[in-house]
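# Structure at a glance
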Amino acid sequence: MEEIAAAAIVDARGTVTGWTEGARRLTGYAAEEVVGRAAQELLAEDVSPPVLTALTGTVVLRHQDGGSFPLRVSAYPVLDVDGEPQGFVVTTTPEAAESLVVALAFQQAPVAMSVYDTQLRYLRANDRAAEILEAETDTLAGQRFADTLSEDDESGWRFYRSLRQVTETGRPVHYENHTRPSPQHREHAWTIDMWPVRNDSGEVTAVAIAAVDETEQYAARRRLMLLNEAAAAIGTTLDVPRTAEELLEVVVPRFADFASVDLLGWVLGQDERGAERDEPVMRRIAHRSVTEGTPEAAVRLGGDDVYLPYSPPARALRECRAVLRRAGEADFDRWVQERNARDVGDPAARKGAHSLVAVPLMARDTILGVAVFVRIRTPDPYAADDTVFAEELVSRAAVCIDNARRFARERSTALALQHSLLPRALPGPVALEVAHRYVPSGSTAGFGGDWFDVIQLAGSRVALVVGDVVGHGIRSTATMGRLRTAVRTLADVDLAPDELLTHLDDLVSHLASEGAGDEVAELGATCLYAVYDPVSRRLDLAAAGHPAPAVLLPDGSARLVTMSAGPPLGVGGLPFESMKLELPEGSLIALYTNGLITGHRRDLDCGTTALCHALEVPQDSLDALCDAVLKAVLPEEPGDDVALLLARTRALGADRVATWDVPMEPAYVATARQHAVDRLAEWGLEETAFVTELVVSELVTNAIRYGGPPIRLRLIRDRSLICEVSDGSSTSPHLRRAHAFDEGGRGLLLVAQLTQRWGSRQTDRGKTIWAEQPLPD
């Protein structure tokens, strides 16, 4: 008999556990017929125990055909880690023992290994490779690899092309391969090495492959990548629903086939009922799915839902931890059945849900809601690692949602405060036609301190005010309210624009020093104050760090007013310059805050040019012009608040104003009264003659007695009848009550009681005392 290298492994109990190809050739028995049987059954004669010891020497072996033959064998012990014998390798030659060990190492390796010839036919595949290929090792031998592939197997064809590359070039190949999940197979990742096997002449005779399963490592890397992506993708806005949508965009479909976010009612500004109940009432704010119809399966977007106590989401809320459930568990199956029983959506689209993770949304030790992740198409159910990942991901999203919630609350508070501080309805003075717009910031910074106002002054004059407290938030809005109130108070004193801003600057400095105006102290405030006189058609204005207004003349041309902006309020110590501008009747004055003309990637000149062009486009009304200006000039999402105030000038002609010079003679008082009575008759206001005579007599008498030249009497017919007496003295009168035996001192008291209001204002040449009385119906 020819010498054949054969070997077998026998354990300590005498059972065959290994069988080489050479042993099959000698005995005719295949490995599957021998492994697991007692070694004694293969011997033609009885061997006294211990069997292993007796196998050393010449033994008579049985052959499959029924015969027997003698064979010289040697037994080599297999020792454990403690040096104790666990079995023997029985061989015909020492080389056979080595061959058997190598073959077993190849076959039992945890790494998938296989060998192909140059025609890419299987030569050998170990158990791990056969397991992956779902085939028996014996059936693989001789098969062409290409014959085992389907047309849509992208991963397999890539593997085939790499094999061809190794056989054609003789160079090894290393790459990473990822197989997509399917309903039948889970997702896998492999690190694959291919290298050529050469003979003694250096020719490539085969290709060897080793594939290491990196699925767990790949899954861990993918989860880490998702966390990193979530850190950048979630919380880009301070909008609660959008933040929830960003979370779901990250996880679907890479982590879940369906996901939803439900929030407790109080988070969205509803009442807090259900927050402590066993069946919390939730509001669905976002859901996403890979399966059409699933998002609407049980709860519509924006709808309310009740999680019953047994449900996984309710448990997650109650226990403040993530809850993992799979198909076959009672509460999961019951919850899925309850969802499928609802009448909304297509139940067929929801079949196949096999596992879920419910995670409470918690931020700053407060529960906001719950996120639910469900797998339907993905074959792998959720595992413990997925639960840890989901908790980490949701915790990040919860902080962003809580930030958005807090911002929304502060934003709504600031908005309510700002609307309460801004004028609700502007007066409609005869001197001006006004229209206005206020646009809150579109950025995440919050509401700012922009404001505007229209104040009716004496003598039919009107003050126009626009201001801006730089910064955002409730403090900025509150400071704006203080400044607006201060401007109204100073306007009642009838100060010139530059003087008013000087007093306002002092106020801001005081607020900053007292800590009440930190926002102003840090960032500053600006203001523009203008006074229009319809009699003289003159506009007096001054600015404190504020953009100059634009003027649209009756000929249709628009331009910016050239003026000194002055320092912002609160700087202190620097003067404000006032300028005067005479306007034709029908001119348009545009006052605004810098949010209108400045913005991202746009300088001041471009903004003001766009404003002037927008003003020059004819519109049907001032309101329409306001909208057109905002549409043409304002960015879609302004980064700052915007206040816009448009005023079209009117003039009071000579038919509505009467003026007389008064000499410094007491006898002229009667003449002045007569002039007033005659003019009232021309205006058809005889009913007001008695009170007007008394007012004219008192004011002219006081000017002659206590004032200085020049003295002038003026009557203005506006929405009220205004009587003014100007003189060259800067001394202002004081209202007092005369004693019983005083001969004088009652004049101004009577004027105050008989008229609607009265007052005095300083002028360039002295002062003006005025009184208003209503016109008869």
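Predicted, not measured: the structure shown is a model, and the values here were computed from it.

### A look at the sheet that holds strand 14 (residues 323–326)
The strand order across the open sheet built from six strands is 13-12-11-16-15-14, with neighbouring strands paired in antiparallel fashion. The sheet is open, and its two edges are formed by strand 13 (304–306) and strand 14, each paired on a single side. Across the sheet, the mean angle from the axis of one strand to that of its neighbour is 30 degrees, orientation sign disregarded. Two strands pair when backbone bridges link them, and strand 11 (residues 258–264) and strand 12 (residues 281–289) are joined in this way by seven bridges, in the antiparallel orientation. Within strand 12, the residue paired with S260 across the bridge is H287.

### Thoughts on the environment of I209
By secondary structure assignment, the location of I209 is in strand 10 (residues 204–213). Owing to a relative accessible area of 2%, I209 belongs among the buried residues under this scheme. Excluding residues within four positions of it along the chain, I209 makes contact with A112, M113, S114, Y116, F159, L163, I192, D193, M194 and W195.

### Looking at unusual backbone geometry
The omega angle of the peptide bond from V252 to P253 is 10 degrees, so this bond is cis rather than trans. Turning to its location among the elements, P253 is positioned in the loop between helix 9 (240–251) and strand 11. Within the chain, R364 stands out as a residue other than glycine whose phi angle is a positive 55 degrees. Mapping R364 onto the fold places it in the loop between strand 15 (355–363) and strand 16 (366–375). Assessed through its relative accessible area of 46%, R364 is described here as partly exposed. Not every positive phi belongs to a glycine, and R537 is a case in point at roughly 55 degrees. By the element assignment, R537 lies in the loop between strand 20 (525–533) and strand 21 (538–544).

### So, the nonpolar core
Ranked by internal contacts, the top residues of the largest apolar core, which has 57 residues, are V251, F255, V261, L263 and F373. The dominant element in this core, judged by the number of residues it contributes, is helix 12 (residues 384–421), at nine residues. Contact partners of V261, with chain neighbours within four places excluded, come to A244, L247, L248, R283, R284, I285, A286, L361, V370 and A371. If you look at the next biggest cluster of nonpolar residues, it comprises 28 residues, including A658, L680, L715 and L721.

### Some points on the confidence of the model for the protein
With 82% of its residues at a pLDDT of at least 70, the protein reaches an overall mean of 81. Below pLDDT 50 for its whole length, residues 516–521 participates in 18 contacts with residues either more than four positions away or in separate chains. In the predicted structure, residues 738–744 sits below a pLDDT of 50 and forms seven contacts with residues beyond four places in sequence or in another chain.

### What about the packing of aromatic side chains?
To describe a pair of aromatic rings, one takes the distance between the centres and the angle between the planes. All told, the structure shown has nine aromatic pairs when counted by the stated rule. Centre to centre, the rings of F145 and Y160 are 6.5 Å apart; their planes meet at 10 degrees, and the pair counts as stacked. Here F145 is found in the loop between helix 6 (137–140) and helix 7 (154–169), whereas its partner Y160 is found in helix 7, with 15 residues between them in sequence. Across the pair, Y160 and F145 agree in class, each one buried. Each member of the aromatic cluster is reached from another via a ring pair, and the members are Y116, Y122, F145, W157, F159 and Y160. Over the ring of Y310 we find R334; its NZ or CZ atom is 3.7 Å from the centre of that ring.

The rules behind each value
- Residues numbered from 1 in each chain as written.
- Predicted model: local features only at pLDDT ≥ 70, side-chain atom pairs only at ≥ 80, totals over all residues.
- Heavy atoms only, no water.
- Pairing = 2+ DSSP bridges.
- Helix = DSSP H or I, 4+ residues; strand = E, 2+ residues; numbered from the N terminus.
- Axes fitted to C-alpha atoms, helices over the stretch in contact; angles between N-to-C directions.
- Buried < 20%, exposed > 50% of the residue type's maximum accessible area, 1.4 Å probe, protein only.
- Contact = heavy atoms within 4.5 Å.
- Core = buried A, V, L, I, M, F, W, Y, C linked by side-chain atoms within 4.5 Å.
- pLDDT = per-residue confidence, 0-100.
- Phe/Tyr/Trp six-rings, centres within 6.5 Å; stacked < 30°, edge-to-face > 60°.
- Lys NZ or Arg CZ within 6 Å of the ring centre and 35° of its normal.

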